[in-house]
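# A structural walkthrough
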Amino acid sequence: MARIELTHVTKRWGGFYAVDDLSLLIDDNAFVTLLGPSGCGKTTTLRMIAGLETPTTGKIVIDGVTVFDSDAGINIPPNKRRVGFLFQNYALWPNMTVYQNISFGLSNINEAGLSVNENGELIRNPSAGGEARKLTKEEIDKIVARVSAIVKIQPFMDRYPGELSGGQQQRVAIARTLAPGPRVLFMDEPLSNLDAKLRLEMRSELQRLHLSTGSTFVYVTHDQMEAMTLATRICLINNGVLQQYDEPLTVYNRPNNTFIADFVGNPAINFINARGTQQGDGSFSVKILDSYEAKFVPTEKINVAEWYSSAEKEIAEFEAKERPAEKINKDLPFNYPVATVSDTEKEQRELDREDWVIGVRPEFIRISDDGPIEGEIFSAMPTGMETTVRIRVGNYLLTGVVFGGVLYKIGQKIRLSFAGNGAVLFSRVNGRFVCCGRVDIA
Amino acid sequence: MANETYNRVSGFRRTWNRFHTYITKPQNAILLALGIILTVTTLFPMYTIVRDTVRLHPGSIDSQGTALESQTEVMGKTLTTYNWKNLFTAKITTRVGRERVTRSVASIYLWTPLINSVLISIFACFGAILYGGVFAYLVTRTNLKFKKYLSSIFIFPYIMPQWTLAVMWQNLFNSNAVTGGNDGLFVALFNVFMPKWWCEGIFPVSVVLAIHYAPFAYILIGGIFRNMDANLEEAATILDTPRWKTFFRITLPLVKPAILSTVLLVFSSAMGSYPIPHYLKLSTLSTQYVGMSSNRAGQASILAVIMMLFGFLILIVNQRITSGRKNFTTVTGKSGQSSLVNLGAAKYVFSFMFVIFTLFTGIMPIVLFAVETFLPNPGDYSFLTYGIAGHTTTKWWLTAENVTENGMYGQKGILYNSDIWRAFGGTFFVAVCCALLAGTIGTLIGYCVSKNRRSKWASYVNNMAFLPYLMPSLAVGVAFFVFGSGVGIYNTFLLLVLAGTVKYIPFASRSALNSMMQLSGEIEEAAIIQDIPWWKRMTQIIIPIQKTSIISGFLLPFMTCLRELTLFMLLCGQGKIITTMLGYFDEMGLYAFSSGINLILIILILVFNTIVNKLTGASIDSGIGGRS
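Residues numbered from 1 in each chain as written. Chains lettered and ligands numbered in written order. Predicted model: local features only at pLDDT ≥ 70, side-chain atom pairs only at ≥ 80, totals over all residues. Heavy atoms only, no water.

### Points about the side chain of Arg296(B)
Summarising the element assignment, Arg296(B) is placed in the loop between helix H15 (285–291) and helix H16 (297–322). Sequence-distant contacts of Arg296(B), defined by excluding residues within four places in its chain, comprise Ile61(B), Asn86(B), Ile92(B), Val105(B) and Tyr109(B). (Helix = DSSP H or I, 4+ residues; strand = E, 2+ residues; numbered from the N terminus. Contact = heavy atoms within 4.5 Å.)

### Digging into the packing of aromatic side chains
Here the structure, examined in full by the defined rule, presents 52 aromatic pairs over all chains. Residues Phe259(A) and Phe263(A) carry aromatic rings whose centres are separated by 5.7 Å and whose planes lie at 25° to one another, so their mutual orientation is stacked. Separated by 4 residues within a single helix, Phe259(A) and Phe263(A) lie in helix H8 (residues 258–263), roughly one turn from each other. Exposure remark for Phe259(A): the relative accessible area of 7% places this residue in the buried category. Ring geometry for Phe154(B) and Tyr218(B): centres 5.4 Å apart, planes at 70°, overall edge-to-face. Placement of Phe154(B) in helix H6 (residues 147–154) and of Tyr218(B) in helix H11 (residues 202–227) is noted, with a sequence separation of 64 residues between them. By relative accessible area, which is 3% here, Phe154(B) ends up buried. Owing to a relative accessible area of 8%, Tyr218(B) belongs among the buried residues under this scheme. (Phe/Tyr/Trp six-rings, centres within 6.5 Å; stacked < 30°, edge-to-face > 60°. Buried < 20%, exposed > 50% of the residue type's maximum accessible area, 1.4 Å probe, protein only.)

### Regarding helix H2 (residues 26–52) of chain B
Between the first and last C-alpha of H2(B) there are 39 Å, a value that for 27 residues agrees with the 39 Å anticipated at 1.5 Å per step. The axis of H2(B) is deflected most strongly, by about 30°, at Leu43(B), and proline Pro45(B) appears within four residues downstream. (Expected span 1.5 Å × (residues − 1). Bend = angle between axes of the 7 residues up to and from the residue.)

### Considering the interface of chain B and chain A
Opposite the 30 residues of chain B that make contact, chain A presents 39 residues. A combined buried area of about 3,000 Å² lies between chain B and chain A, and 55% of that area is made up of carbon and sulfur atoms. For Glu525(B), the salt bridge identified is with Arg47(A), shortest N-O distance 2.6 Å. In this assembly, chain B and chain A are joined by 9 residue pairs in polar contact (both at pLDDT 80 or more). Looking at which element gives the most residues to the side of chain B that touches chain A, the answer is helix H24 (residues 521–529) of chain B, with 7 residues. Taken together, the residues that form the side of chain B that touches chain A break down as 14 nonpolar, 7 polar and 9 charged. (Buried area = accessible area lost by both parts, 1.4 Å probe. Salt bridge = Lys/Arg side-chain N within 4 Å of Asp/Glu carboxyl O. Polar contact = N/O pair within 3.5 Å; in protein donor to acceptor, adjacent residues only side chain to side chain. Nonpolar A, V, L, I, M, F, W, Y, C, P; charged D, E, K, R; others polar.)

### Some words on unusual backbone geometry
All names here are of chain A. Residue proline 267 is bonded to the preceding asparagine 266 through a cis peptide linkage, with omega at 0°. On the secondary structure map, proline 267 appears in the loop between H8 and strand E16 (270–278). Non-glycine residue histidine 8 carries a positive phi angle of around 50°. Inspection of the secondary structure puts histidine 8 in strand E1 (residues 4–13). With phi around 75°, tyrosine 90 is a residue other than glycine that occupies positive phi space. Looking at where tyrosine 90 falls in the secondary structure, it is placed in the loop between strand E7 (83–86) and helix H2 (98–106). For tyrosine 90, a relative accessible area of 5% puts it in the buried group.

### Topic: the nonpolar core
The nonpolar side chains of a soluble globular protein tend to be buried, and buried together. Of all hydrophobic cores here, the largest spans 209 residues; its most connected members are Ile4(A), Ile60(A), Trp93(A), Phe186(A) and Ile420(B). Counting 37 residues, the second largest nonpolar core, distinct from the first, contains Ile102(A), Val116(A), Val147(A) and Ile174(A). (Core = buried A, V, L, I, M, F, W, Y, C linked by side-chain atoms within 4.5 Å.)

### Topic: the sheet that holds strand E20 (residues 365–367) of chain A
All names here are of chain A. Sheet architecture is open: 5 strands sit in the order E20-E24-E21-E22-E23, paired in antiparallel fashion. Taken across any chain shown, the strands that pair with only one partner, and hence form the sheet edges, are E20 and strand E23 (396–403). Taking the axes of each pair of neighbouring strands and ignoring which way they run, one obtains an average angle of 45° across the sheet. Relative to strand E22 (residues 386–393), strand E21 (residues 373–382) runs antiparallel, the two sharing 6 bridges. Looking across to E22, one finds that methionine 381 is bridged to threonine 388. (Pairing = 2+ DSSP bridges. Axes fitted to C-alpha atoms, helices over the stretch in contact; angles between N-to-C directions.)

This is the structure in structure tokens:
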């Protein structure tokens, strides 16, 4: 049972808030990814949980044990937290062979209730009592044999890290981390130094590893694809502030705000500015793409007035938060990109409650002869499995994905429509998620 | 906030918990301890000199002038500004030739030496940077010939004792007619009499200092030339920038930080140098301090204080520079080989010039020292001029009994002279102790500071350890002299080791800090996570990985200690260590003995350097080439 609980954790250097009041609950056996752009505080968060960094305030509990509490002055050092940590650059000890790298930590364990079972798994049960002892050479050999078999590095045991390829070094690092049987495994962008093909391979191996070890994985990445494919839950952070903590598909389909909608998904979501009001039937009559009258039909009931009042209350609460130092890395509203052919002048008016932005994922843009919107192919990038097209509508550009090897000519006139119930409506005033729904063009 | 859900604990308990967490990290505990120790060992001796300037010294002018001499009970207690007042305002009458001239005390004891000190420091900086910088450029950026030979022989003058070149200058240019004393080689061989300004005073002192410290410039500037990303220059070349413009607008600004470091280092070292102005007869702050008669002891301390102030000034300037935004020494290249400038036929000219010149500065002193020990009388080069091999002698080496004839003054030959070997033993002992202590402490500081980069205390400890580096050696020597006399450990190995350790810690801490900064913190964190204890992380991971630079950190204090005179000469009697013994033989006129000792010392240092270099890859030059 390794459940990790973060309560109001903040890490700041002077007025710079690396992590700003983060509360998070990571379930036992979960595979949680901390996702966000570089410099958002995700690595700091991970290092704080592992104990390599000391939070400024807050409380961290691992497996029921409070490992950090600023109020009580508790700070259990990382070596006593019994966690595993996989570093971005592997941090293999260059002066030791692969075998020594893996066994070094094991040769050092000295406690009561140690045993190694037939599979080569280290069992640590200090409550069993008995004399504190070290592992024997045979026991260490057994464990090393097991973990090196998992990552398939048995042929390299006598080599030095410098004599291994990047992928092999990565495997050694994993084996070294697994050897003492940690309850929790922290990984800091472990795949970012590998080439694309190897990364894909290691990704699937990590997934298998998670299944076979049954430990809790916390994984830092800036690669949204990695987060989507691996995680049971994604924790999205921006500027030190938690943006969303949900299952991958929820994050993808119902992003909390325009930042998340833009960050998750490749090719990126299309943002379409819209202006209009909610009608009696709950739908929104809006004008989009300069010349189209459209209707946004929500999939769930939504009352705009109520929604605004609750959103504003949350924002006010966030801003009213007491801070010992003013946050110099301010939380600015996310400036979502609207793709256009040529630069247009920014609208100079104040936004109000009738301003919306509709997010349409590329897979919901359908090219068909009976589509209501007229467009022209701006560029087409076929990969064989699918083709990513950019379509020009007036001065705007929309990105779509068409499955199969369809060939388009650049400049070719097409017609398109928005398919399905996957469109997302955000308020332009605060960038927050309002509802999901369908876009009908009149 | 949800604070009330927290487990509230008492304030004391919380503070204790925090302190416990802090102190259980080895790097914090070590920093705390070292910070306190270094504060005492560095600042306390300095404080004692400052206090010495306002203290009453029995039998000296301050006690006479204040008429407190007879009152023995106030001696240790009363403070007086007499020494300061007298130094700056009093006049004394001296005899110049037949006339009696009245001059102010300050001009004799303070202004003249001070101006000389500053002048030789400035000239030495210029000379060292010009000579070392040009050499660095030629070696790293052009297709000069014999690079390997040249670059190793170029640093010889730094490895050798300071006075080597000064003595060699004397042996070359002195003449009985101009300077008095023995005729030098130029007179003996070519009958050329060099003018007085060439033989003594500011000119030769500046030249010798410049040659001695040029290796600093070569190592620091060359280090940047070598690591500089060649793309920076190539980018300019592609834009069709003329070569000279590339050099002045791109290359030179990039080495500016190294030039500044060299300036500071050479300036403070030149300022505190004693042997060179001593041999070449120039009155500087350091020679004046030593030459001050004992009844002006308090005023001598004022000179030391002034030297210390220069040290502080340099430290402040150094801080300004290294913390500036335009600090681009870290511009290191990913692109491998840069194209070398083709010197054409000039490469042979340059190479030939440097080979000849380094022969004079690197090989010649050794040969000359060796030859000196076989001359029957100092300066008697008759075996060369007349070509008679019989005009040489081995008596200086091999005399095994106590004889007073043959100009031996009752000394046994070098090989049989137990005093000399005891002094060598003393030097060796001090050097080993200093190297072990300074190397260990410096390495620990480098490690701890790199672990606590943001901490103010860490940077304080680092600065405290660094301070003696930019302090003129003599000022540090004086500080420990006053301190040592005060606590009654004058003329003990303890005092020598203490002074040496404090002065040499920066060598080790700099090279350790540099290398530790390059070591990713994750390397150690990977071990922390696995609950590997601190000493095991150090001995099995950190030290093996960084062994080259750590060994440099031990090697450099050792080498420097072997040939140190300025720092130690005030701290012990003449027979204690070999470098002070040299002064004794010089005073006795037994120049063959000092030449022999110099020869042994130089060869010893070179042999050590080579052995360590071959065994571990560490070398003196890799140790100097760093930044704080």
